[in-house]
Amino acid sequence: MYQMGKDLAIIHITDLHFPGGGGDPPWVKLFLDSVSDLATNDNFKFYSIAVTGDLVNSPKKEAFDAVKTFLEKAAIAAGIVQNGQANWNRIWVVDGNHDWRLSGIFKTEGGIKEIGGINRLATPFLDDDGHFFVFGINSSKYGPIARGRVSFEDLRQLRLSIRDRITQANLTNAYRIALLHHHLLPLPEPYNWDDVGFTRTLEKIINDESFKLLGNAGLVTSVLVENEINLVLHGHEHKPFFARVRHLNHDSQNYTLCVAGGRAAHDGLHVVRFRSSGDVDLVPYEMDKAEYKQKRAIPLWQYEEWRAWLWERESKREGSYEKLTRKVYITPGGDMISNTTIRGIRAGHKKKISEIPISSASHWPNLGTACISKVY
């Protein structure tokens, strides 16, 4: 495993909801001061800021302009700079339903992406050092009302983009992270669904998962699992959330998809810490009486799991076989007959198998090592 040296960390914020007039929400100053204090920590270094949608309440230029100024200040406070300026390559932004719809519900027309000059994560990010492979998924452009949907074409381009890079060694070792606004999994709700009345009925409709859950969540999750994405960061529900997803029909038996949702920005933030040991933690910070208080860290995955994932990725890239069984028989006449079975052959990214070595475990001195040179 490659070593990063000093721990790296990503700030995850979501659902900023800047007002239409262009002013800053009350939480902004405290956020900037807190991030600046955290940036002085000698144990880790902030690498990027990930923003998972609902930048504004409604898509208005003044609101987006204020968000852009805020993100630049946040990057400088966190030390994410280049030549003294905010490094926009490491400010990763995706849109939410409020960034495409008036009040998050009524769809508008026009080039939302151009408003405010904020760089969205339109193309995947892969840093030169091979630490992170990050891409944004637009879950807000399509879908009815507040419920999102990812277009089939976007998913197809995502698969092609990952496959184009899969032969690069630094992608093999990189942490793979997806950002989107809508949640992939149903979130627990504390509401009493037996209450009656117009207000409670309206609340039940609005908070029902079928109203806000990503419309094609199953398909999106399948594509993410297929491409062995390590971590999904999302927002939308304004609630802290974490889950680990394992698909039984996936061919990588050790692989797990981690899904983490964030609170609304006025209630807190998350710091995802990538330790040089290989362990990765999610550290929540919750607003409490005009200050952010650190909550108990949530382990996303540990060194042993990461090593297993890297091994599986490398075996797919270079080629491998899943299991080899060799049986040797001695006939009554003294002849030796061997039977070898190989299961689950992978040709690797070059799609060609040159040879498969087979080491004999026999104690017979005249037995050496054989190779299969062709596979039909």
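Here the residue numbering is sequential within each chain, running from 1 through the sequence in written order. It should be noted that, the model being predicted, local features are given only for residues of pLDDT at least 70 and side-chain atom pairs only at 80 or more, the latter also being counted only at that level, while totals for whole chains, interfaces and linings use all residues. The side-chain quantities take in all heavy atoms of the structure and omit both hydrogens and water.

A.B. asks: Explain the overall build of the chain to me, please; I cannot follow it from the model alone.
C.D. replies: For the purposes of this entry, the term helix denotes a DSSP run of H or I that reaches at least four residues, the term strand denotes a run of E that reaches at least two, and both are numbered from the N terminus. Along its length, the chain carries eight helices and 21 strands. Taking all 376 residues of the chain together, 46% fall into the buried category. Any two residues whose heavy atoms approach within 4.5 Å at even a single point are treated as in contact. The contacts of the chain with a sequence gap of at least 6 include a subset with a gap of at least 24, amounting to 70%. Shrake-Rupley sampling with a 1.4 Å probe provides the accessible areas, and residues are treated as covered by the protein chains on show and by no other component. Just so you have it, the chain exposes about 18,900 Å², and 51% of that area is on carbon and sulfur atoms. Using a 1.4 Å probe on the protein chains alone, a residue whose accessible area is under 20% of its type maximum counts as buried, one over 50% counts as exposed, and one in between counts as partly exposed.

A.B. asks: Even after reading the chapter, I still don't get the environment of Gly136, so can you show me in this structure?
C.D. replies: Mapping Gly136 onto the fold places it in strand β9 (residues 132-136). Residue classification places Gly136 among the partly exposed positions, given a relative accessible area of 24%. Sequence separation of Gly136 and His181 is 45 residues, and the distance between their C-alpha atoms is 9.3 Å. For Gly136, the contacting residues outside a window of four places in its chain are Val94, Leu121 and Leu179.

A.B. asks: I keep staring at the packing of helix α1 (residues 28-38) against helix α2 (residues 61-78) and nothing clicks. Help me out?
C.D. replies: Between two packed helices, both the angle of their axes relative to each other and the distance between the axes serve to describe the pair. Angular values range over 0 to 180 degrees, each being the angle between N-to-C directions of two axes fitted as lines to C-alpha atoms, with helices fitted over their stretch in contact. The N-to-C vectors of α1 and α2 enclose an angle of 25°; their axes lie 7 Å apart at closest approach. It follows that α1 is roughly parallel to α2 by the angle criterion. Crossing hand, α1 versus α2: right-handed. Taken together, the residues of α2 that come into contact with α1 (itself represented by Val28, Phe31, Leu32, Val35 and Ser36) are Phe70, Lys73, Ala74, Ala77 and Ala78. For this classification, under 35 degrees means roughly parallel, over 145 means roughly antiparallel, 65 to 115 means roughly perpendicular, and everything else is oblique. Put simply, a crossing is left-handed when the front helix is turned counterclockwise from the back one by less than a right angle, and right-handed when it is turned clockwise.

A.B. asks: What's the story with the layout of surface pockets in this structure? I'm lost.
C.D. replies: Leftover empty space is mapped by rolling, across the atoms, a probe with the size of a water molecule. Here the second largest pocket defines a volume of roughly 450 Å³. The distinction between a cavity and a pocket rests on a 1 Å grid over the protein atoms alone: a 1.4 Å probe fits inside a cavity but cannot get out, while a pocket stays open yet meets protein on both sides within 12 Å along at least five of seven lines, and a residue with an atom within 4 Å of a point counts as lining. The wall of the second largest pocket is formed by 21 residues, among which Leu121, Ala122, Gly136, Asn138 and Asp154 lie closest to the centre. Secondary-structure elements contributing two or more residues to the lining of the second largest pocket are β5 (91-94), β9 and α3 (152-165). Among the residues making up the lining of the second largest pocket, the classes are represented as 11 nonpolar, five polar and five charged. Grid points are joined across faces, edges and corners, and a volume is the space filled by probe spheres set on the points. Any residue outside Ala, Val, Leu, Ile, Met, Phe, Trp, Tyr, Cys, Pro, Asp, Glu, Lys and Arg is labelled polar, Gly included; the first ten of those are nonpolar and the last four are charged.

A.B. asks: I would appreciate a short explanation of unusual backbone geometry in the present structure.
C.D. replies: Glycine aside, residues mostly have negative phi angles, and peptide bonds mostly take the trans form. Of note in the backbone geometry, His238 takes a positive phi value of approximately 60° without being a glycine. Mapping His238 onto the fold places it in the loop between β11 (231-234) and β12 (241-245).

A.B. asks: Would you mind showing me how to read the side chain of Ser139 here?
C.D. replies: Examined against the element boundaries, Ser139 turns out to sit in the loop between β9 and α3. Overall, Ser139 belongs to the buried group, its relative accessible area being 0%. N or O atoms within 3.5 Å of each other form a polar contact, as long as, within protein, one can give a hydrogen and the other can take it, and as long as residues adjacent in sequence are counted only when both atoms are side-chain atoms. Only 3.5 Å separates the side chain of Ser139 from the backbone nitrogen of His181, close enough to count as a polar contact. Reaching out from Ser139, the side chain makes a polar contact with the side chain of His182 at a distance of 2.9 Å.

A.B. asks: Any chance you could explain the packing of α3 against helix α7 (residues 217-226) here in plain terms?
C.D. replies: Relative to each other, α3 and α7 sit at 5°, their axes nearing to 11 Å. Looking at the two axes, α3 sits roughly parallel to α7. Contacts between α3 and α7 involve Leu155, Leu158, Arg159 and Arg163 on the former and, on the latter, Leu219, Val220, Val223 and Glu226. Here the contact of α3 with α7 is composed, by residue class, of five nonpolar, no polar and three charged.

A.B. asks: Explain the sheet that holds β12 to me, please; I cannot follow it from the model alone.
C.D. replies: Pairing between sheet strands relies on hydrogen bonds along the backbone, with the strands arranged either parallel or antiparallel. At least two bridges found by DSSP between two strands are what make those strands a pair. With mixed pairing, six strands are arranged side by side in an open sheet as β8-β9-β10-β11-β13-β12. Pairing within the sheet leaves two strands with one partner each, and these edge strands are β8 (125-126) and β12. Inspection of the sheet shows strand β10 (residues 175-179) paired to β11 by three bridges, in the parallel sense. Bridging across to β11, Leu179 finds its partner in Leu233.

A.B. asks: Help me understand the pattern of salt bridges, please; the structure alone is not making it clear to me.
C.D. replies: Opposite charge on two side chains permits pairing when their charged atoms draw close. Any Lys or Arg side-chain nitrogen found within 4 Å of a carboxyl oxygen on Asp or Glu counts as a salt bridge. Tallied over the full model, the rule gives 12 salt bridges. In this structure, Asp95 engages Arg120 in a salt bridge whose closest nitrogen and oxygen atoms are separated by 2.9 Å. Taken as a pair, Asp95 in the loop between β5 and β6 (101-102) and Arg120 in the loop between β7 (106-107) and β8 lie far apart in primary sequence, 25 residues in all. A relative accessible area of 3% means that Asp95 is categorised as buried. Taking relative accessible area as the criterion, Arg120 reaches 14% and is therefore assigned buried. Between Lys293 and Asp288 there is a salt bridge, with the nearest N and O atoms lying 3.2 Å from each other. The class of Asp288 is partly exposed, set by a relative accessible area of 28%.

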